Amino acid sequence: MNGMEIVGDQGEWRGGFEERVLAGYRAAGCSEPLARALLEQAVEGIDDWTVATDGTGWIAVGVTRDNGATVGKIHDLTAAAGRVWAERWCAEQGAQRVEVRVTGGAGEFADYPVRGQIRMRAAAERPELPAGLTVRRLTEAEYPGWYAGEEAGYIADIVRAGVLTAEQAKAKSDEDFACYLPQGYLTPGHAFYAMEAGGQVVGTGWVNHGFLPGVTFGFSLEVYEEHRGKGYGRAAMALGEWATRQGGDEAMMFNVFGGNDVAMSLYDSTGFAVLNEFRSIEL
(Lines give C-alpha, C1' and ligand atoms only; values in the text may rest on other atoms or scores of the structure.)
Protein backbone atom coordinates (compact mmCIF):
# COMPACT_ATOMS: atom_id res chain seq x y z
CA MET A 1 0.00 0.00 0.00
CA ASN A 2 2.21 2.78 -1.35
CA GLY A 3 5.20 1.52 0.68
CA MET A 4 3.58 2.38 4.02
CA GLU A 5 4.59 0.41 7.09
CA ILE A 6 2.66 0.41 10.35
CA VAL A 7 4.96 1.03 13.31
CA GLY A 8 4.67 -0.58 16.71
CA ASP A 9 6.60 2.03 18.70
CA GLN A 10 4.98 5.47 18.34
CA GLY A 11 7.61 7.29 20.38
CA GLU A 12 9.54 8.86 17.50
CA TRP A 13 6.37 10.08 15.80
CA ARG A 14 4.51 11.21 18.90
CA GLY A 15 7.08 13.76 20.09
CA GLY A 16 7.15 15.48 16.72
CA PHE A 17 3.36 15.38 16.37
CA GLU A 18 2.75 17.04 19.73
CA GLU A 19 5.31 19.77 18.98
CA ARG A 20 3.66 20.48 15.61
CA VAL A 21 0.23 20.71 17.24
CA LEU A 22 1.55 23.09 19.90
CA ALA A 23 3.33 25.20 17.29
CA GLY A 24 0.09 25.53 15.32
CA TYR A 25 -1.84 26.77 18.35
CA ARG A 26 0.92 29.14 19.38
CA ALA A 27 0.99 30.57 15.87
CA ALA A 28 -2.78 31.12 16.12
CA GLY A 29 -2.20 33.36 19.14
CA CYS A 30 -3.05 30.92 21.93
CA SER A 31 -1.44 31.40 25.32
CA GLU A 32 0.81 28.57 26.47
CA PRO A 33 -1.77 27.23 28.98
CA LEU A 34 -4.47 27.33 26.30
CA ALA A 35 -2.23 25.71 23.68
CA ARG A 36 -1.47 22.85 26.06
CA ALA A 37 -5.13 22.43 26.99
CA LEU A 38 -6.01 22.21 23.31
CA LEU A 39 -3.19 19.69 22.82
CA GLU A 40 -4.77 17.48 25.50
CA GLN A 41 -7.98 17.48 23.46
CA ALA A 42 -6.10 16.79 20.22
CA VAL A 43 -4.34 13.68 21.60
CA GLU A 44 -7.38 12.15 23.30
CA GLY A 45 -7.32 8.42 22.58
CA ILE A 46 -3.87 8.62 20.99
CA ASP A 47 -2.76 5.23 22.34
CA ASP A 48 -5.40 3.58 20.15
CA TRP A 49 -4.33 5.30 16.93
CA THR A 50 -2.56 3.44 14.13
CA VAL A 51 0.67 5.10 13.01
CA ALA A 52 2.45 4.37 9.72
CA THR A 53 5.39 5.74 7.78
CA ASP A 54 6.87 5.47 4.31
CA GLY A 55 10.19 7.01 5.35
CA THR A 56 9.23 10.50 4.14
CA GLY A 57 6.74 11.30 6.88
CA TRP A 58 3.95 9.98 9.05
CA ILE A 59 0.27 9.04 9.04
CA ALA A 60 -1.85 8.59 12.16
CA VAL A 61 -5.37 7.20 11.77
CA GLY A 62 -8.12 5.75 13.89
CA VAL A 63 -11.80 4.83 13.91
CA THR A 64 -14.65 5.70 16.25
CA ARG A 65 -18.39 5.20 16.49
CA ASP A 66 -20.65 8.21 16.01
CA ASN A 67 -24.45 7.92 16.10
CA GLY A 68 -24.31 4.32 14.94
CA ALA A 69 -21.81 4.94 12.12
CA THR A 70 -18.16 3.90 11.94
CA VAL A 71 -16.08 7.02 11.30
CA GLY A 72 -12.47 7.08 10.20
CA LYS A 73 -10.22 9.87 11.46
CA ILE A 74 -6.98 11.12 9.98
CA HIS A 75 -5.17 12.61 12.98
CA ASP A 76 -1.83 13.37 11.30
CA LEU A 77 -0.54 13.38 7.74
CA THR A 78 2.98 14.41 6.73
CA ALA A 79 3.90 11.50 4.46
CA ALA A 80 4.03 12.24 0.74
CA ALA A 81 0.92 10.87 -1.00
CA GLY A 82 -0.26 9.47 2.32
CA ARG A 83 -3.89 10.55 2.04
CA VAL A 84 -4.83 7.70 -0.32
CA TRP A 85 -3.37 5.17 2.10
CA ALA A 86 -5.16 6.77 5.05
CA GLU A 87 -8.54 6.79 3.32
CA ARG A 88 -8.07 3.18 2.20
CA TRP A 89 -7.14 2.12 5.74
CA CYS A 90 -10.28 3.79 7.10
CA ALA A 91 -12.43 2.06 4.48
CA GLU A 92 -10.90 -1.30 5.39
CA GLN A 93 -11.98 -0.72 9.01
CA GLY A 94 -15.58 -0.29 7.82
CA ALA A 95 -15.72 3.52 8.01
CA GLN A 96 -18.59 5.22 6.20
CA ARG A 97 -16.88 8.61 6.29
CA VAL A 98 -13.48 10.10 7.03
CA GLU A 99 -12.97 13.16 9.23
CA VAL A 100 -9.99 15.42 9.75
CA ARG A 101 -9.17 18.33 12.05
CA VAL A 102 -6.92 20.96 10.48
CA THR A 103 -5.19 24.01 11.96
CA GLY A 104 -3.62 26.78 9.89
CA GLY A 105 -5.34 26.01 6.59
CA ALA A 106 -6.96 23.07 4.81
CA GLY A 107 -3.82 22.02 2.94
CA GLU A 108 -4.15 18.47 1.63
CA PHE A 109 -7.83 18.41 2.57
CA ALA A 110 -9.09 21.45 0.69
CA ASP A 111 -11.58 19.28 -1.22
CA TYR A 112 -13.12 17.90 1.98
CA PRO A 113 -16.33 19.89 2.73
CA VAL A 114 -16.20 22.04 5.87
CA ARG A 115 -18.42 20.59 8.61
CA GLY A 116 -17.52 23.00 11.38
CA GLN A 117 -15.04 25.54 12.67
CA ILE A 118 -13.78 26.67 16.06
CA ARG A 119 -13.16 30.42 15.98
CA MET A 120 -11.41 32.58 18.56
CA ARG A 121 -10.30 36.14 19.23
CA ALA A 122 -8.95 38.08 22.18
CA ALA A 123 -11.79 40.14 23.64
CA ALA A 124 -11.45 43.90 23.70
CA GLU A 125 -10.28 45.07 27.13
CA ARG A 126 -13.31 47.33 27.51
CA PRO A 127 -15.86 46.15 24.97
CA GLU A 128 -18.76 48.52 24.48
CA LEU A 129 -22.27 47.59 23.45
CA PRO A 130 -23.81 49.61 20.59
CA ALA A 131 -25.95 52.61 21.48
CA GLY A 132 -29.61 51.73 21.94
CA LEU A 133 -28.88 48.14 22.90
CA THR A 134 -29.21 46.92 26.48
CA VAL A 135 -28.30 43.56 27.96
CA ARG A 136 -29.85 41.78 30.92
CA ARG A 137 -29.75 38.30 32.36
CA LEU A 138 -32.28 35.89 30.93
CA THR A 139 -34.80 35.07 33.63
CA GLU A 140 -35.44 31.55 34.86
CA ALA A 141 -39.04 31.88 33.64
CA GLU A 142 -37.77 32.65 30.13
CA TYR A 143 -35.38 29.69 30.13
CA PRO A 144 -37.76 26.91 28.90
CA GLY A 145 -38.81 28.91 25.83
CA TRP A 146 -35.21 29.88 25.14
CA TYR A 147 -34.11 26.24 25.50
CA ALA A 148 -36.72 24.99 23.02
CA GLY A 149 -35.57 27.54 20.45
CA GLU A 150 -31.90 26.75 20.99
CA GLU A 151 -32.49 23.03 20.62
CA ALA A 152 -34.40 23.47 17.36
CA GLY A 153 -31.71 25.76 15.96
CA TYR A 154 -28.92 23.42 16.99
CA ILE A 155 -30.57 20.45 15.28
CA ALA A 156 -31.07 22.51 12.10
CA ASP A 157 -27.40 23.57 12.15
CA ILE A 158 -26.19 19.98 12.47
CA VAL A 159 -28.38 18.81 9.58
CA ARG A 160 -27.27 21.74 7.39
CA ALA A 161 -23.63 20.84 8.02
CA GLY A 162 -24.35 17.64 6.08
CA VAL A 163 -23.11 14.96 8.48
CA LEU A 164 -26.16 13.63 10.34
CA THR A 165 -29.82 12.98 9.61
CA ALA A 166 -32.52 14.88 11.51
CA GLU A 167 -33.06 11.90 13.83
CA GLN A 168 -29.33 11.56 14.52
CA ALA A 169 -29.06 15.32 15.05
CA LYS A 170 -31.85 15.19 17.65
CA ALA A 171 -30.03 12.42 19.52
CA LYS A 172 -26.78 14.42 19.44
CA SER A 173 -28.61 17.53 20.62
CA ASP A 174 -30.11 15.69 23.60
CA GLU A 175 -26.69 14.31 24.53
CA ASP A 176 -24.85 17.62 24.16
CA PHE A 177 -27.34 19.73 26.11
CA ALA A 178 -27.37 17.13 28.91
CA CYS A 179 -23.57 17.27 28.97
CA TYR A 180 -23.16 21.04 29.00
CA LEU A 181 -26.25 22.03 31.01
CA PRO A 182 -26.73 19.22 33.54
CA GLN A 183 -28.41 21.65 35.95
CA GLY A 184 -30.20 23.66 33.29
CA TYR A 185 -30.47 27.36 34.07
CA LEU A 186 -28.50 26.89 37.30
CA THR A 187 -25.48 25.09 35.75
CA PRO A 188 -22.33 26.63 37.31
CA GLY A 189 -20.13 28.72 35.00
CA HIS A 190 -22.89 29.30 32.45
CA ALA A 191 -24.63 32.63 31.90
CA PHE A 192 -27.66 33.49 29.76
CA TYR A 193 -28.43 36.96 28.38
CA ALA A 194 -31.19 38.79 26.55
CA MET A 195 -30.43 41.69 24.19
CA GLU A 196 -33.08 44.38 24.02
CA ALA A 197 -33.61 47.29 21.66
CA GLY A 198 -36.67 49.50 21.39
CA GLY A 199 -38.35 47.60 24.19
CA GLN A 200 -38.06 44.26 22.38
CA VAL A 201 -35.83 41.23 22.92
CA VAL A 202 -33.86 41.04 19.66
CA GLY A 203 -31.55 38.17 20.56
CA THR A 204 -29.95 36.07 23.28
CA GLY A 205 -26.55 34.87 24.39
CA TRP A 206 -25.31 31.76 26.19
CA VAL A 207 -21.70 31.61 27.38
CA ASN A 208 -19.55 29.33 29.52
CA HIS A 209 -16.83 31.11 31.50
CA GLY A 210 -13.55 29.28 32.13
CA PHE A 211 -14.30 26.76 29.39
CA LEU A 212 -10.55 26.55 28.74
CA PRO A 213 -7.69 28.53 30.36
CA GLY A 214 -8.58 32.21 29.87
CA VAL A 215 -11.40 31.37 27.47
CA THR A 216 -15.14 31.98 27.53
CA PHE A 217 -16.99 29.74 25.08
CA GLY A 218 -19.96 31.30 23.28
CA PHE A 219 -22.38 28.42 22.89
CA SER A 220 -24.95 30.71 21.31
CA LEU A 221 -25.03 34.37 20.27
CA GLU A 222 -28.35 34.52 18.48
CA VAL A 223 -30.20 37.36 16.79
CA TYR A 224 -33.84 36.51 16.16
CA GLU A 225 -34.69 36.14 12.49
CA GLU A 226 -37.18 39.02 12.42
CA HIS A 227 -34.47 41.38 13.69
CA ARG A 228 -31.66 40.34 11.37
CA GLY A 229 -30.22 42.75 8.84
CA LYS A 230 -30.29 45.62 11.36
CA GLY A 231 -26.71 45.41 12.57
CA TYR A 232 -27.47 43.28 15.59
CA GLY A 233 -25.15 40.51 14.41
CA ARG A 234 -22.15 42.65 15.27
CA ALA A 235 -23.90 43.65 18.48
CA ALA A 236 -24.15 39.97 19.42
CA MET A 237 -20.40 39.59 18.94
CA ALA A 238 -19.86 42.64 21.15
CA LEU A 239 -22.09 40.99 23.76
CA GLY A 240 -19.88 37.92 23.63
CA GLU A 241 -16.75 39.99 24.22
CA TRP A 242 -18.45 41.92 27.03
CA ALA A 243 -19.56 38.67 28.68
CA THR A 244 -16.04 37.26 28.29
CA ARG A 245 -14.57 40.14 30.28
CA GLN A 246 -17.42 39.98 32.80
CA GLY A 247 -16.41 36.39 33.46
CA GLY A 248 -12.75 37.28 33.96
CA ASP A 249 -11.52 35.65 30.74
CA GLU A 250 -9.35 37.11 27.98
CA ALA A 251 -10.49 35.37 24.81
CA MET A 252 -13.79 34.31 23.31
CA MET A 253 -14.22 31.04 21.40
CA PHE A 254 -17.19 29.50 19.63
CA ASN A 255 -18.24 26.91 17.06
CA VAL A 256 -19.83 27.55 13.67
CA PHE A 257 -21.28 24.75 11.57
CA GLY A 258 -20.39 24.22 7.93
CA GLY A 259 -22.87 25.66 5.45
CA ASN A 260 -23.50 28.79 7.52
CA ASP A 261 -21.82 31.16 5.07
CA VAL A 262 -23.55 34.27 6.40
CA ALA A 263 -22.23 33.68 9.91
CA MET A 264 -18.74 32.85 8.63
CA SER A 265 -18.66 36.12 6.69
CA LEU A 266 -19.64 38.02 9.84
CA TYR A 267 -16.94 36.31 11.86
CA ASP A 268 -14.33 37.05 9.19
CA SER A 269 -15.25 40.73 9.24
CA THR A 270 -15.15 40.93 13.04
CA GLY A 271 -11.72 39.34 13.34
CA PHE A 272 -12.61 35.93 14.75
CA ALA A 273 -9.98 33.68 13.19
CA VAL A 274 -10.37 29.97 12.48
CA LEU A 275 -8.53 28.02 15.17
CA ASN A 276 -9.62 24.51 14.17
CA GLU A 277 -11.55 23.38 11.13
CA PHE A 278 -13.35 20.05 10.84
CA ARG A 279 -13.78 18.51 7.38
CA SER A 280 -15.06 15.17 6.19
CA ILE A 281 -15.98 13.12 3.14
CA GLU A 282 -18.29 10.17 2.67
CA LEU A 283 -16.67 6.94 1.55
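Structure's up top.
Owing to the predicted nature of the structure, the values given are computational and were not obtained by experimental measurement.

Undergrad: I'm lost on the pattern of salt bridges in this one. Help?
TA: Once the charged atoms of two side chains with opposite charge are near each other, the side chains can pair. This structure, assessed with the given rule, holds 21 salt bridges. When the shortest N-O distance is used, the salt bridge between Arg-14 and Asp-47 registers 3.2 Å. Taken together, the residues span a long stretch of sequence, with Arg-14 in helix 1 (residues 11-27) and Asp-47 in the loop between helix 2 (32-42) and strand 2 (50-53) at a distance of 33 residues. For Arg-14, a relative accessible area of 26% puts it in the partly exposed group. A relative accessible area of 64% means that Asp-47 is categorised as exposed. Between Glu-87 and Arg-83 there is a salt bridge whose closest N-O contact spans 2.8 Å. Residue Glu-87 and its partner Arg-83 are both found in helix 3 (residues 82-92); the two are separated by 4 residues, about one turn of the helix. Look at Glu-87 and you get buried, because its relative accessible area is 17%. Among the charged side chains, a salt-bridge network with shared partners connects Glu-19, Arg-26, Glu-32 and Arg-36.

Undergrad: Hey, could you run me through the nonpolar core in this one?
TA: Considering soluble globular proteins, one finds that nonpolar side chains tend to be buried as a cluster. By size, the foremost hydrophobic cluster in this structure holds 26 residues, and its most contacted members are Trp-13, Cys-30, Met-253 and Leu-275. The residues contacting Cys-30, other than those within four sequence positions of it, are Tyr-25, Ala-35, Leu-38, Met-120 and Leu-275. Counting residues in each nonpolar core, the second largest holds 22 residues, with Val-202, Ala-235, Ala-236 and Phe-254 among its members.

Undergrad: I'm lost on the packing of helix 1 against helix 2 in this one. Help?
TA: Packed helices, taken two at a time, are described by their axes: the angle between them and the distance between them. Their axes nearest at 9 Å, the elements helix 1 and helix 2 cross at an angle of 135 degrees. What the angle tells us is that helix 1 and helix 2 run oblique. Of the two elements, helix 1 crosses helix 2, and the hand of that crossing is right-handed. The segment helix 1 lies against helix 2, with Glu-18, Val-21, Leu-22, Tyr-25 and Arg-26 engaging Glu-32, Ala-35, Arg-36, Leu-38, Leu-39 and Ala-42. Class assignment of the residues belonging to the contact of helix 1 with helix 2 gives a composition of 7 nonpolar, no polar and 4 charged.

The rules we used
Residues numbered from 1 in each chain as written. Predicted model: local features only at pLDDT ≥ 70, side-chain atom pairs only at ≥ 80, totals over all residues. Heavy atoms only, no water. Salt bridge = Lys/Arg side-chain N within 4 Å of Asp/Glu carboxyl O. Helix = DSSP H or I, 4+ residues; strand = E, 2+ residues; numbered from the N terminus. Buried < 20%, exposed > 50% of the residue type's maximum accessible area, 1.4 Å probe, protein only. Core = buried A, V, L, I, M, F, W, Y, C linked by side-chain atoms within 4.5 Å. Contact = heavy atoms within 4.5 Å. Axes fitted to C-alpha atoms, helices over the stretch in contact; angles between N-to-C directions. Parallel < 35°, antiparallel > 145°, perpendicular 65-115°, else oblique. Left-handed = near helix turned anticlockwise from the far one by under 90°. Nonpolar A, V, L, I, M, F, W, Y, C, P; charged D, E, K, R; others polar.

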